[in-house]
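In case you want the letters, here they are:
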Amino acid sequence: MMQTYTLSGRRSASRYASQDSLEDALFYLKHPQSFRTFSKGLTELLQKKGFSGDSTKPEELADYLFPRLQEISSGISRKTLLSWLSGKHSPKIEASSRRSMYELCFALNLTYEETLWFFQHVYYDRAFNCHTITESVFYYAFLHGLSYAKALKLIEYIESAPAGEAASLSPSYTHFVQSSITNFRSAEELTDFLIHNRENFHLWNQSAQTHLHALVNDLLGSSAFRTELDRLKRLLARNRRSGHLSHPSLPKQIRSDQKGAYGLILQEIFFDACCSSAESAAEAVLEQIEHQNVFSYSFLLRYLLSTSAGTKREPSIPYVVRNNFPSKKVLSDVLSEEKLSVSKSYDSIRKMLVLLDFYRFWVRIKLGLAELTDIPASQQFDIYLEEADHLLWQCGYEGLYAGNPYDWIFLCAGQSENPLDFFRSFISELLPE
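Residues numbered from 1 in each chain as written. Predicted model: local features only at pLDDT ≥ 70, side-chain atom pairs only at ≥ 80, totals over all residues. Heavy atoms only, no water.

Draft legend 1. Spotlight on helix α4 (residues 58-71). The terminal C-alpha atoms of α4, which comprises 14 residues, lie 20 Å apart, in line with the 20 Å expected from a rise of 1.5 Å per residue. Most pronounced at Tyr64, the bend in α4 amounts to some 30°, and the proline Pro67 follows within four residues. Burial in α4 covers these residues: Pro58, Leu61, Ala62, Tyr64, Leu65, Phe66 and Leu69. Two residues or fewer after α4 comes Ser73, characterised by a positive phi angle close to 60°. (Helix = DSSP H or I, 4+ residues; strand = E, 2+ residues; numbered from the N terminus. Expected span 1.5 Å × (residues − 1). Bend = angle between axes of the 7 residues up to and from the residue. Buried < 20%, exposed > 50% of the residue type's maximum accessible area, 1.4 Å probe, protein only.)

In structure tokens form, the structure reads like this:
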């Protein structure tokens, strides 16, 4: 039962990967039965952990779970629990909700594997972000079956102890911490390690920050070419005013050898313009870059998603798709070195990595910059999936999962004949103008 949504997501992502199936794909995404809601997932979990009453009655489910939450002194109220079980609300995928999710797992005495499943397949976020003291201790607790009370005592002891001299921070610090904790056989080993390295936990998302900046640099290019690009804008605007947008030297200028020095977005704009008729090439370029700072984050988001807003706030779009879909503010926060280094918006960071990596992979194939142009499309998708999952793993996140509506969009588009066109058509229907 717990694998039904995963299998359904994988099959549907392949089935709807056609431009002719775009409406069907949108219908599938918006259909309430296509993806596991939080209420359904939590109900499944309660049934697995011994609930034998009427699962269609939220009150009976709450009567089973709420006393267990009270036993561990959880801060989750019965009213909140009922709203989750009835499907009226779902916990937000953000740092402030994560403690409550762990309390649910502790209250139900979940195993380590069950906790992973709950976070990945019900809450749609990664379990055990071991770049915090709290979640590092929780990771050890679920590996060794410690109670919530014992875990809280360990956290209090670690945070109140005098800090040791921290080791130098490695680029893959989160993986280092998690790997180290996996091998510990006693709580003493855990506390000694975390106290010794406690100061390093003040800086987070180092790998994600490195990869995000590399992706942005690939897409936007260097602002060193701002002067040259401004000159091109003025030429295009002058030709428009004089009625000579089909200036004969313009296609050559667009096709100049120097265009490869621009970011991938500008290269695609030039590429698409050159594939159009001579009369519309200049207008096509001008439409995209006129009055735009093409080296800005706002331009990046607007170009990739055709909007700087988030998804439409309408009930037909699943909450998990709408929640933290990259908006202008989220993008700015995610790409800000100062904010990212302390950000707990794990879901937003992961979604931004998925979005930027998807575009970079497929636009390089479109532009002939990748050595994958001549291989079958199915193999291209397999390589994309492998590289995307590896990138997410390097940054401490779970790989793409077809049971997650956000991931499903990219998995579906990636299997289409033209991934970028499919994605843009899909997103244009999903997002506001």
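Draft legend 2. Here's a closer look at the packing of helix α17 (residues 297-305) against helix α21 (residues 346-366). Relative orientation of the contacting elements α17 and α21 amounts to 70°, with a least axis distance of 12 Å. Here α21 runs roughly perpendicular to α17, going by the angle between their axes. For the crossing formed where α17 meets α21, the hand is left-handed. Here Leu300, Tyr303, Leu304 and Leu305 of α17 lie close against α21, whose contacting residues are Leu355, Leu356 and Tyr359. (Axes fitted to C-alpha atoms, helices over the stretch in contact; angles between N-to-C directions. Parallel < 35°, antiparallel > 145°, perpendicular 65-115°, else oblique. Left-handed = near helix turned anticlockwise from the far one by under 90°. Contact = heavy atoms within 4.5 Å.)

Draft legend 3. Spatial organisation of the confidence of the model for the chain. Summary statistics for the chain give a mean pLDDT of 82 and a share of 80% for residues scoring 70 or more. No element of the chain has a lower mean pLDDT than helix α14 (residues 250-254), which averages 49, and none a higher one than α4, which averages 97. Between residues 247-251, whose pLDDT stays under 50, and residues either more than four places distant or in other chains, the model counts six contacts. (pLDDT = per-residue confidence, 0-100.)

Draft legend 4. A look at the packing of aromatic side chains. In total, this model carries 37 aromatic pairs according to the counting rule given. Here Phe138 and Tyr148 contribute two aromatic rings whose centre-to-centre distance is 6.1 Å and whose plane-to-plane angle is 45°, an arrangement assigned as tilted. Here the residue Phe138 occupies a position in helix α8 (residues 133-144), and Tyr148 occupies one in helix α9 (residues 148-160), the gap between them amounting to 10 residues. For the pair formed by Phe138 and Tyr148, the shared burial category is buried. A cation over an aromatic ring shows up here: Arg68 above the ring of Tyr64, its NZ or CZ 3.9 Å from the ring centre. A cation sits over an aromatic face here: Lys351 above Tyr406, 5.1 Å from the ring centre. (Phe/Tyr/Trp six-rings, centres within 6.5 Å; stacked < 30°, edge-to-face > 60°. Lys NZ or Arg CZ within 6 Å of the ring centre and 35° of its normal.)

Draft legend 5. Molecular detail of the packing of α4 against helix α5 (residues 78-86). Orientation of α4 relative to α5, taken along the N-to-C sense of each, is 135°, at an axis distance of 9 Å. By the angle between their directions, the pair α4 and α5 is classed as oblique. Crossing handedness for the pair α4 and α5: right-handed. In contact with Pro58, Glu59, Leu61, Ala62, Asp63, Leu65, Phe66 and Leu69 of α4, α5 contributes Arg78, Leu81, Leu82, Leu85 and Ser86.

Draft legend 6. Here's a closer look at the pattern of salt bridges. Scanning the entire structure with this criterion turns up 13 salt bridges. With a closest N to O distance of 3.9 Å, Lys48 and Glu114 form a salt bridge. With a gap of 66 residues between them, Lys48 in helix α3 (residues 38-48) and Glu114 in helix α7 (residues 112-123) connect regions that are remote in the sequence. Relative accessible area serves as the criterion here: at 47%, Lys48 is assigned to the partly exposed category. The partner of Asp272 in a salt bridge is Lys366, with the nearest N and O atoms 2.9 Å apart. You can see Asp272 sitting in helix α15 (residues 264-274) and its partner Lys366 sitting in helix α21, a full 94 residues away along the chain. Within this structure, Glu268, Asp272, Lys366 and Arg424 form a network of salt bridges that share partners. (Salt bridge = Lys/Arg side-chain N within 4 Å of Asp/Glu carboxyl O.)

Draft legend 7. Expanded view of the environment of Leu235. Within the fold, Leu235 resides in helix α13 (residues 226-241). On the basis of relative accessibility, which here comes to 16%, the residue Leu235 falls in the buried class.

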